[in-house]
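Reading the structure
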Amino acid sequence: MLERFDRFNRRLSDWAASLGFAALVFMVVLTCVDVVGAKLFLMRRRRRPALIVTNPPLVMLAAPWFRRYLGLRYVLLIYDVYPDVLERMGAIRGGGLAARLWRRWSRRSLLRAEAVITLGPHMAETLRGHLRPGDQVAIDVIPNWADTDFICPLAKADNAFAREHGLADQFV
């Protein structure tokens, strides 16, 4: 089954790459339908905001449209700051048209979000650079790295949870 899916995915990617710029538009639409479509259905029924992440990066840019026309509230979880990542990789020209448009759409997404969450203070500062001086956006920083001095693997014999639940001698 996975092989069939992989073949289909490769054929679809090859076809999209052959289209050039039209592939970008196609991927935006496909991503929005695929990722946001399910969230839209579920979140509107539950009346909770959808969690939108920056992987894939284009979904974030479509979020304000979903809010305006479909009433979808959303929270942004920023893993990568676009277009900055693309500029530093040399994929787009720094300060070029694509970067300026992306920042404008990014700003719009940030302003219309219920909340914005990112992984560290430097990312939060970079995001604030996408805003204008009067813009008010609260950016929460929640590091996703664990304190490895506190959280570390234990032998099952030393693990209180495993002993308590009779799992110390079992494969789990």
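The rules behind the values
Residues numbered from 1 in each chain as written. Predicted model: local features only at pLDDT ≥ 70, side-chain atom pairs only at ≥ 80, totals over all residues. Heavy atoms only, no water. Buried < 20%, exposed > 50% of the residue type's maximum accessible area, 1.4 Å probe, protein only. Helix = DSSP H or I, 4+ residues; strand = E, 2+ residues; numbered from the N terminus. Pairing = 2+ DSSP bridges. Expected span 1.5 Å × (residues − 1). Arc of directions from axis to C-beta. Contact = heavy atoms within 4.5 Å. Core = buried A, V, L, I, M, F, W, Y, C linked by side-chain atoms within 4.5 Å. pLDDT = per-residue confidence, 0-100. 1 Å grid on protein atoms, 1.4 Å probe; cavity = no way out; pocket = protein on both sides within 12 Å on 5 of 7 lines; lining within 4 Å. Points joined across faces, edges and corners; volume = space filled by probe spheres on them. Nonpolar A, V, L, I, M, F, W, Y, C, P; charged D, E, K, R; others polar.

Moving on: the pairing of strand β2 (residues 74-78). β2 sits mainly inside the fold: five of its five residues count as buried. Of the two faces of β2, the one holding Tyr74, Leu76 and Ile78 and the one holding Val75 and Leu77 are both buried throughout. Relative to β2, strand β1 (residues 50-53) runs parallel, the two sharing four bridges. Across the sheet, residue alanine 50 finds its bridge partner in β2, namely tyrosine 74. Taken together, the four bridges between β2 and strand β3 (residues 115-118) define a ladder with parallel strand orientation. Across the sheet, residue leucine 76 finds its bridge partner in β3, namely valine 116.

A few words on helix α5 (residues 97-112). For an α-helix the count is 3.6 residues per turn, leaving residues at separations of three or four pointing the same way. Given a rise of 1.5 Å per residue, 16 residues ought to cover 22 Å, and the 23 Å separating the end C-alpha atoms of α5 matches this to within 8%. Those residues of α5 that fall on the buried side of the exposure criterion are Ala99, Trp102, Ser106, Arg107, Ser109 and Leu110. The buried residues of α5 all sit within an arc of 165° when viewed along its axis, so they share a single face. Contacts made by the buried residues of α5 are with α3 (58-70), β2, α4 (84-89), β3 and α6 (121-128).

With that settled, the discussion passes to unusual backbone geometry. In this chain, tyrosine 82 is followed by proline 83 through a cis amide linkage whose omega measures 10°. By secondary structure assignment, the location of proline 83 is in the loop between β2 and α4.

A separate point is the nonpolar core. In this structure, Leu76, Ile78, Leu110, Val116 and Leu127 are the most contacted members of the largest nonpolar core, which totals 18 residues. Going through the elements one at a time, α3, β2 and α6 are the ones with two or more residues in this core. Beyond its immediate chain neighbours, meaning those up to four positions away, isoleucine 78 contacts Thr54, Met60, Val116, Ile117, Thr118, Leu119, Met123 and Leu127.

Summarising the model, the protein chain shows a mean pLDDT of 80, and 77% of its residues fall at 70 or more. For the protein chain, the element scoring lowest by mean pLDDT is helix α2 (residues 21-46), at 62; β3 scores highest, at 94.

Glancing now at empty space enclosed by the protein. Considering all chains together, one arrives at two cavities of 30 Å³ or more under this definition. Around the largest cavity, the lining residues are Thr54, Pro57, Met60, Ile78, Asp80, Val81, Tyr82, Trp102, Ser106 and Leu127. Of the residues that constitute the lining of the largest cavity, the class distribution is seven nonpolar, two polar and one charged.

What follows is about the environment of aspartate 140. Of note, aspartate 140 is situated in strand β4 (residues 139-141). Judged by relative accessible area, which is 40%, aspartate 140 ranks as partly exposed. Separated by 19 residues in sequence, aspartate 140 and proline 121 place their C-alpha atoms 8.9 Å apart.

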